Each structure stands twice: as structure tokens, then as C-alpha cells.
Amino acid sequence: MNIIQSIVLGIIQGVTEFFPISSSGHLVIIPYFFNWDYPPLYFTVTVHFATLAAVVTIFRREIYRIIRAVILGIFKRSERATSSFKLGIFLIAASIPAAAAGYFLNEYVDNLFSSPLAAAAFLLVTALFLWLGERRGSRIEGGTVNNRERRDRRDGPGRRDRWERLNRWDNRDHRFLHRMRKEVMDSGSGSELIRETEVEDSSIKKIRFNFFIALMAGIGQAIAILPGISRSGSTISFARFFGIKRSEAVRFSFLLSIPVIFGSFVFEIYRSSEIIFNGSLQIVGNLLVGFFFAFITGMLAIKFLVYLVKRKNLNIFAVYCVALSAVTFVFYIIKRFI
């Protein structure tokens, strides 16, 4: 690898780690397009760590609240009722499937990271996840809107306005202005991740971000050990499938990336430490350059995706995954047979 390749691959990692289009798939396909050597795994893990640093930088206050709540919750029962503690438990539970998959399946999937066809095929799986998640999530959200409209027609405008005033969220105190709910809500910004959503459709029950949904999102993250399956795309889509709002699913996906990426970074750096520290200065330079560009673009990608999901669905990324997969297959055929 040279510096230019490190810059390009660092930028690609920073953008694609948080956009649901598979960073690992891009790190396989892009070198194939340009006839580059595939980056060593320790470089891949290093640029992944750069995107982890971007998440920690942006969500540092919320991360602090979660860690504090989990530690205090070990000793104080009252702390266990807070949303930050519950969110911390959800994140721990959701990290277990990915950790198990990485430990038991890592050797079996290593060869796939040099196969552009495998990455292209798994990109189609990512597209399917995104489409199904958006379809199911939109259906549930549509049911919520319809129920609200029926309630408004039944109650009339006066009662509706009073209800909206009572249920207004106080951003300063991080709580509802009324005291009708008995559940305890703390000042953590993650409280919206576990607030219940009422849906009265005959086929859809009351939905809550709970332990089961967190575990399913973790299974989605475990599947993303395969190149071409987006970690963020699978975790977001699995949460969306159970009715979690798009913005909340994206936020949970960001937080869920922290323990898994950190664990894989420590494991791979330890395994490759001799190559890194006893190698040439070029190796260290490539790692530093890749880290820097992945970190900067990762921060920009997080902010842009948070902005985007409030206004658009994720189907545009599904279309992109299908298009990139098709281009990869066509390029492979041309390169092999023409």
C-alpha cells in the first residue's frame, strides 16, 4: 500500500461505515476495481477504529451517561429504572452475538475478504434487509398515524390540543411535562429509544424497544461479519422491522458499533503487533493517514445520516447496493472473459 491508497481507503471507510452500504464490502470491491492489493486486516481494523473514535467524539456525553448509569446500577436499585441503564443493558446484550460470531467464525470468513463476487452478492442481502426494514417500519408508523387521526376525530380539536400540550417533551429537563406515566425517565438522551409506541391495528400490538429487539439488532450486527453485509444497515433494518423509529434505530446502531469495533481492533492489533511495530515506517505512516481520513469523514457521515433519516427513508441506499453489486458482476465478467 502507498499513501494515496491509504487516503482513498480511509475516506471510503469513514463514509461507508455509517451509511448502510457495507464498509467491508467497499474495502474488497474498490481495490478490485483499481487492481490494488487488498489492504491487510490490521489496516482495515485501524480505519474501523477511526470511525469508532468518530462515534465516541460525537456521542461522548450520552456514552458517559450510559456507562455511569450501568456502573451505579450495580449498587443502586433506583438507577436501574433509568433509561440510560436500560439502554446500556440493551447494548451489552446486543453485542454478544457479534462477539460470538467474530470468535467462532473469523477464520471461516477470512477468505471472503478477497472475493469481490462474494461482497457483491452480500450487497444484495444488505439491499433486501434495508427494503424489508423500511417496508415493515413504514407500515407500523402508518398504523400509528392512522390511530392518531381516528383519536383526533373522536376527541375533537380542543381535547387534542390539550393532549399535545400535556405530552410535550421538555428538552431542558428531559421529561414529559405531565406526570401521567409512572415509568422513571432520566436525563439521558437515549430515553426515546425505550419509550413505548402505541399501535392499535388488529395485527400489530403495543411495541416497545426491549431486550428482544436489542438482541435481534445484535444478531443483525453478527451477520455483518460477512463482507458486503452492512453492519449499520442490518442493525437498523432489524430494529425497524420491529417498529423502532428510523432515527432511533440509527442512533442505537451508532452506539452498538462501539463495543464490537473496539473489541475487534484490540484483537487484531494484538495479533498483528509484530508486523506493525517491527515493520517499516511506511506501514505506520499508512495506518496514521488512513486513521486520520477515516476519522474526519466518519464524523461528517454521522452528522449527515442523522440529518438525512429525519427526512428520507433508507431505500436510496438499497438502490445503491443493488447498483454497486450489478457493476461488480459486470466488471468481473468483462475482466474475465473479454
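See above for the structure.
Residues numbered from 1 in each chain as written. Predicted model: local features only at pLDDT ≥ 70, side-chain atom pairs only at ≥ 80, totals over all residues. Heavy atoms only, no water.

Novice: Would you mind going over the overall build of the chain with me for this structure?
Specialist: In terms of regular secondary structure, the chain is built from 12 helices and 2 strands. Counting from the amino terminus, helix and strand elements in the chain follow one another as α-α-α-α-α-α-β-β-α-α-α-α-α-α. Taken over 338 residues, the chain has a buried fraction of 47%. Contacts spanning at least 24 positions in sequence make up 75% of the contacts within the chain whose residues lie at least 6 apart. As displayed, the chain offers around 17800 Å² of accessible surface, 63% of which is attributable to carbon and sulfur atoms. (Helix = DSSP H or I, 4+ residues; strand = E, 2+ residues; numbered from the N terminus. Buried < 20%, exposed > 50% of the residue type's maximum accessible area, 1.4 Å probe, protein only. Contact = heavy atoms within 4.5 Å. Areas by Shrake-Rupley, 256 points an atom, 1.4 Å probe, with all protein chains shown as cover.)

Novice: Looking at this model, I keep getting lost on the nonpolar core. Mind explaining?
Specialist: Taken as a class, soluble globular proteins show a tendency for nonpolar side chains to be buried jointly. Membership of the largest hydrophobic core comes to 59 residues, with the highest contact counts inside it found for F252, F254, L255, L305 and F317. Those residues within four positions of F254 in sequence are excluded, and the remaining contacts are F18, V55, F59, I302, L305 and V306. The next biggest cluster of nonpolar side chains, apart from the first, holds 7 residues, and it includes A224, I225, L226 and F238. (Core = buried A, V, L, I, M, F, W, Y, C linked by side-chain atoms within 4.5 Å.)

Novice: Looking at this structure, I do not really get the packing of aromatic side chains. What am I missing?
Specialist: What describes a pair of aromatic rings is the distance from one ring centre to the other and the angle between the planes of the rings. In the structure shown here, the tally under the stated rule is 16 aromatic pairs. Residues F19 and F317 carry aromatic rings whose centres are separated by 5.4 Å and whose planes lie at 45° to one another, so their mutual orientation is tilted. Placement of the pair is F19 in the loop between α1 (3-16) and α2 (23-33) and F317 in helix α12 (residues 315-337), with a sequence separation of 298 residues. Using a relative accessible area of 13% as the deciding quantity, one classes F19 as buried. With relative accessibility at 7%, the residue F317 sits in the buried group. Ring centres of F129 and F238 lie 5.3 Å apart, and the angle between their planes is 85°; on these two criteria the pair is classed as edge-to-face. Of this pair, F129 sits in helix α6 (residues 116-166) while F238 is found in helix α8 (residues 231-241), placing the two residues 109 residues apart along the sequence. Taking the relative accessible area as the measure of exposure, F129 reaches 17% and is therefore buried. Of the residues examined, F238 reaches a relative accessible area of 15% and is grouped as buried. An aromatic cluster is defined as three or more aromatic residues linked by ring pairs; in this entry it consists of F49, F265, F291 and F295. (Phe/Tyr/Trp six-rings, centres within 6.5 Å; stacked < 30°, edge-to-face > 60°.)

Novice: Teacher, can you tell me more about helix α4 (residues 60-73) here?
Specialist: Since one α-helical turn is 3.6 residues long, residues separated by three or four positions face the same way. With 14 residues, α4 should reach 20 Å at 1.5 Å per residue; the first-to-last C-alpha distance of 20 Å fits that figure. If you follow the buried residues of α4, they end up packed against α3 (41-58), α5 (83-109) and α9 (246-271). (Expected span 1.5 Å × (residues − 1).)

Novice: Is there a simple way to think about the pattern of salt bridges in this case?
Specialist: Evaluated as defined, the whole model comprises 4 salt bridges. For the salt bridge of R251 with E62, the shortest nitrogen-to-oxygen distance reads 2.7 Å. Remark: E62 occurs in helix α4 and R251 occurs in helix α9; sequence separation between them is 189 residues. Exposure remark for R251: the relative accessible area of 22% places this residue in the partly exposed category. (Salt bridge = Lys/Arg side-chain N within 4 Å of Asp/Glu carboxyl O.)

Novice: Help me understand the environment of M299 in this model?
Specialist: Assignment of secondary structure puts M299 in helix α11 (residues 281-309). C-alpha separation for the pair M299 and A53, spaced 246 residues apart in sequence, amounts to 8.9 Å. Setting aside chain neighbours within four positions, we find M299 in contact with A54, T57 and I58.

Novice: Please clarify how the environment of K335 should be interpreted in this entry.
Specialist: Here K335 is to be found in helix α12. Along the backbone, K335 and F33 are 302 residues apart, and their C-alpha atoms lie at a distance of 9.9 Å. Discounting chain neighbours no more than four positions away, the residues touching K335 are Y32 and N35.

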